[in-house]
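Residue-level listing of the chains:
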Amino acid sequence: MTTTSQSSLIECAVSAAKTAGKYALANFSRRREVVKSFKHDVKLKLDQECQVKAISVIRKRFPQHSILGEEDDHDAYTGSAANGYQWIVDPIDGTVNFSHGLPVWCCSVGVWKDGEAVAGVVYAPALGELYTATSDQPAMCNNRQIKVSSVNKLADSIIMTGIDKEFDSKLKPLAIFTKLSFNTQKVRVIGSAAWDLCQVARGFCDGYFESAIYLWDIAAAGLIVEKAGGRTRMIKQPDLRHRLSYVATNGRIHNQLINLLTRQ
Ligand code: LIP
């Protein structure tokens, strides 16, 4: 891929993420307008409105590309476009945080070509943080290069994780949380996978794992981790609902973390 096309992709992804993120922040007083409530999740009107904002930016610049958004009717999704480009959008990642007024939430826009991430943007407007990466440019936070940590022992690490939306149906996330707690320095559950992954990328923590996360949560931030010198792995590939199991680390503790997670 030519550098020009990468720069046009990242420019559009930044514009889409910032348009959606700024709209969410400007409408923060409407954060409690709920479309549907679940026991451990919520769907907001602003989720839908921010996705429309982001997609309108993408469609205007790349009308031939396919787009997968968290708020879509996923049964209607027809997969990546004939030209191989797929935009993957989470308009508000950390929706429950956002709805309660917590500042840790972000808009994630990933661009994949033939199934490989080529550009990723994570914009956390309430924190003033813009994370970017392309397959041929390093990971940046607010235009400053970021790198993963040098922690090389799992026992000395902070691992970010999450409790998935449907955890009532199984206790697996809690069992993993317990196992991680005994084998790391600390485990953190912040509530925004894309932001968590960006903390691995900038070396503020050392790994991330969720047993049930969605493609739009990791599509941009996974590339940002890799371009910051880290490693990622889909332990379970996306199912028909785009749900998967995902690990990301600073590279140095990668095998230690995967061995712990896969050990009975
Ligand atoms: C959230 C993720 C988080 C996960 C939550 C939820 P959403 O995404 O960012 O890591 O633990 O269950 O999936 O729903 O806020 O876009």
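Note that the structure is predicted; figures quoted are calculated from it, not measured. In every chain, residue numbers begin from 1 and rise along the written sequence. Restriction of local features to residues with pLDDT of at least 70 applies here, the model being predicted, together with a cutoff of 80 or more for giving and counting side-chain atom pairs; totals for whole chains, interfaces and linings are based on all residues. In computing side-chain values, all of the structure's heavy atoms are included and hydrogens and water are not.

## Regarding the pairing of strand β1 (residues 34-38)
In step 1: Two strands pair under a simple rule: DSSP has to find at least two bridges between them. Only runs of H or I of at least four residues qualify as helices and only runs of E of at least two qualify as strands under DSSP, and these elements are numbered from the N terminus. The pairing of β1 with strand β2 (residues 41-44) spans four bridges and is classified as antiparallel. If you follow F38 over to β2, its bridge partner there is D41.
In step 2: In textbook terms, the turn of a hairpin is the stretch between consecutive antiparallel strands, and for β1 and β2 this stretch comprises two residues.

## Notes on the nonpolar core
In step 1: Formed by 38 residues in total, the largest nonpolar core has its most connected members in V122, Y131, I146, L197, Y208, I224 and Y246.
In step 2: Take this core: its biggest share by element is seven residues, from helix α5 (residues 193-201).
In step 3: In this analysis, two residues are considered to be in contact whenever any of their non-hydrogen atoms come within 4.5 Å of each other. Once residues lying within four places of it in the same chain are set aside, the contact partners of I146 are Y131, A139, M140, C141, A201, R202, I224 and A228.
In step 4: Residues belong to one nonpolar core when they are buried, are Ala, Val, Leu, Ile, Met, Phe, Trp, Tyr or Cys, and are joined through side-chain atoms within 4.5 Å. Burial classes follow relative accessibility: with a 1.4 Å probe on protein chains only, a residue under 20% of its type's maximum area counts as buried, one over 50% as exposed, and anything between as partly exposed. Membership of the second largest hydrophobic core comes to 33 residues, among which are L44, A54, I67 and V109.

## Details of the environment of S181
In step 1: Relative to the helices and strands, S181 is located in helix α4 (residues 172-183).
In step 2: Exposure remark for S181: the relative accessible area of 35% places this residue in the partly exposed category.
In step 3: In this structure, the C-alpha to C-alpha distance between S181 and A155, residues 26 residues apart in sequence, is 9.5 Å.
In step 4: Two N or O atoms form a polar contact when they lie within 3.5 Å of each other; inside protein one atom must be a possible hydrogen donor and the other a possible acceptor, and for residues adjacent in sequence the pair counts only when both atoms belong to side chains. At 2.7 Å, the side chain of S181 and the backbone oxygen of F177 are in polar contact.

## Some details on the sheet that holds strand β4 (residues 85-93)
In step 1: Reading across from one edge, β3-β4-β5-β6-β7-β8-β9 is the order of the seven strands in this open sheet, with mixed pairing throughout. Bordering the open sheet on either side are β3 (66-69) and β9 (144-145), each of which pairs with just one other strand.
In step 2: Where strand β5 (residues 106-113) meets strand β6 (residues 116-124), seven bridges bridge the pair, whose relative direction is antiparallel. Following the sheet pairing, C107 is matched in β6 by Y123.

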